[in-house]
Amino acid sequence: MSYSIIEIIKELILLIDSIIDNLSVELKRGVQTIVVLNFLKEPQYGYSLLSELKDNNIDIEAGTLYPLLRRLEKQGILDATWDTEESRPRKFYVLNKTGEVVLDHLIKIWSDMQNNMENIIRGEINNE
Amino acid sequence: MNNNNYILRYVYEVTKRLPANEREDVRKELETNIYDMLSDDPTKSEIEAVLKSLGKPSEIAKKYQKDGRYLISPKYYDSYLTSLKNAMIILAVIGFISGIFTAFFVEPRTDIVDVIGLVFEKGLGGIIEGIIYALVIVTVIYVIIERVNQNKEVEVNKEWSIDDLSELPALSGTYISKASVTFDIIFTTLFSTAFIFFIYNHQKYLGWVKDVNNKLTLTTPLFTNSIKYFIIPLVLLTIFEIFNRLMLLKDGVKTVKSYILIGIEIGLALLTFLIMISLKTVFNNDFTTKLELTFGSNGVKVFDYAVAFVQVGLIIGIIVTIIYTIIKVVKANEFNKK
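Presented here is an overview of the structure given in this document. For clarity, every value in this text was computed on a predicted model and none was experimentally measured. (Residues numbered from 1 in each chain as written. Chains lettered and ligands numbered in written order. Predicted model: local features only at pLDDT ≥ 70, side-chain atom pairs only at ≥ 80, totals over all residues. Heavy atoms only, no water.)

Here we come to a nonpolar patch on the surface. The grouping of Leu 124, Ile 128, Ile 132, Tyr 133, Leu 135, Val 136, Ile 137, Val 140, Ile 141, Ile 144, Ile 145 and Val 148 of chain B at the surface amounts to a nonpolar patch, some 1100 Å² of accessible area in total. Looking at where Ile 128 of chain B falls in the secondary structure, it is placed in helix α6 (residues 112-148). (Patch = residues over 30% accessible without salt bridge, like charges linked within 9 Å, V, L, I, M, F, W, Y side chains within 5 Å. Areas by Shrake-Rupley, 256 points an atom, 1.4 Å probe, with all protein chains shown as cover. Salt bridge = Lys/Arg side-chain N within 4 Å of Asp/Glu carboxyl O. Helix = DSSP H or I, 4+ residues; strand = E, 2+ residues; numbered from the N terminus.)

Given below as structure tokens:
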């Protein structure tokens, strides 16, 4: 009897975890973009950026980051150059003028959202 | 050195899924990125770990081409489904009707079993042909639309007007399924054409049947050839019936107009039958003579009563149809006034 109750609890935990995973993907995606753009104020290549992000506790997969960089370049906010001097050719990305403007705006939007959220959460706490 | 093979194969697996103009660039970049993530002389398990952390090649390839790897993208999908449904229904009906005509007029047969078999075969074949044509044509058109617009941000028309909103159904709950209306069209056509066929060949099928040399033959027809004059109004009626049902198909609900039209349709059909059996010249005198010879004057009386019975039934039917239609229209008007 108690064995099956444990199974049910496990199932519930898995279910809630999967819901959290599912809903947090969108949340993380927006944050990831701002952070990546922020670190591209200096020229970086794929792996160097990945390391920097990891050092700053930003949770992004390599398989997500590399395509993201290409996409941002296609959108016109990053400039890319191939560096063929080292043993391996490396593609360096850096924020261009357009990208700087975009990043400023995104950060502004993010700050506003942050303040709004704090008010809401604080408001909730005050209401309790 | 053999281990490098895995990296090259992984990158190939990814790039082969990408458009040709992107492959070389992505290959170079991804290869470098992978080597950067490994030590100078990586073991097979190291390589495996890194490649697994990147994810399945098909998945990462998808991320490299976020926008549009659709045959028909979500933008157009709803419109595609609607067009497809409409086209399939219309072409199925057209295919069915043309199949029926082929059965009757291209290869004339007289054996009734043959005819029914032919009608089903040609009719069903026509339906299937129509559906397949619709499926292929609509899909190809939408795939072309998708391809042509792939690199453009096409604004599917977002402006709408409240005047374009659909009409409400006549009464609550009078939504009709398109499938049932399509079946209705098929059976109506089938029934009407069979009826017209019997009228046209009445001397073979409607009348006194006798056993002649162990074979059932029709010796005396029930009707005279003047019944053939009714074929024209019957054909017109059939066309009217099909038209009404196509209207139902288009509206998707029973509107006040559809109630009235169907009322007229049924009324006219009953009226046609009524006139058909009421004309003196319709019934074959030879038949009534045969009746009298076989059953005596009572035979003829029974026959007359039977005809009168049907006449009265038809008249009642017409009256009921009129009353029913009026009730439905009045109810619908009350419902819509709310």
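Scanning the entire structure with this criterion turns up one cavity of 30 Å³ or more. The calculated volume of the largest cavity comes to roughly 30 Å³. Lining the largest cavity, in full, are Tyr 45, Gly 46, Arg 90 and Lys 91 of chain A together with Glu 29, Thr 32 and Asn 33 of chain B. Counting residues per element, the ones that place at least two in the lining of the largest cavity are β3 (90-95) of chain A together with α2 (20-36) of chain B. Per-element accounting of the lining of the largest cavity gives the leading share, three residues, to α2 of chain B. (1 Å grid on protein atoms, 1.4 Å probe; cavity = no way out; pocket = protein on both sides within 12 Å on 5 of 7 lines; lining within 4 Å. Points joined across faces, edges and corners; volume = space filled by probe spheres on them.)

Below, the discussion takes up the interface of chain A and chain B. At the interface, 20 residues of chain A touch 16 residues of chain B. Across the interface of chain A and chain B, roughly 1800 Å² is buried in total on both sides, 52% from carbon and sulfur atoms. Where chain A touches chain B, the interface holds seven salt bridges. Of the charged contacts in the structure, one is a salt bridge between Lys 91 of chain A and Asp 25 of chain B, with a shortest N-O distance of 2.8 Å. Linking chain A to chain B there are nine residue pairs in polar contact (both at pLDDT 80 or more). Breaking the side of chain A that touches chain B down by element, the ones donating at least two residues are α2 (46-55), α3 (62-75) and β3 of chain A. The biggest single contributor to the side of chain A that touches chain B is α3 of chain A, with eight residues. (Contact = heavy atoms within 4.5 Å. Buried area = accessible area lost by both parts, 1.4 Å probe. Polar contact = N/O pair within 3.5 Å; in protein donor to acceptor, adjacent residues only side chain to side chain.)

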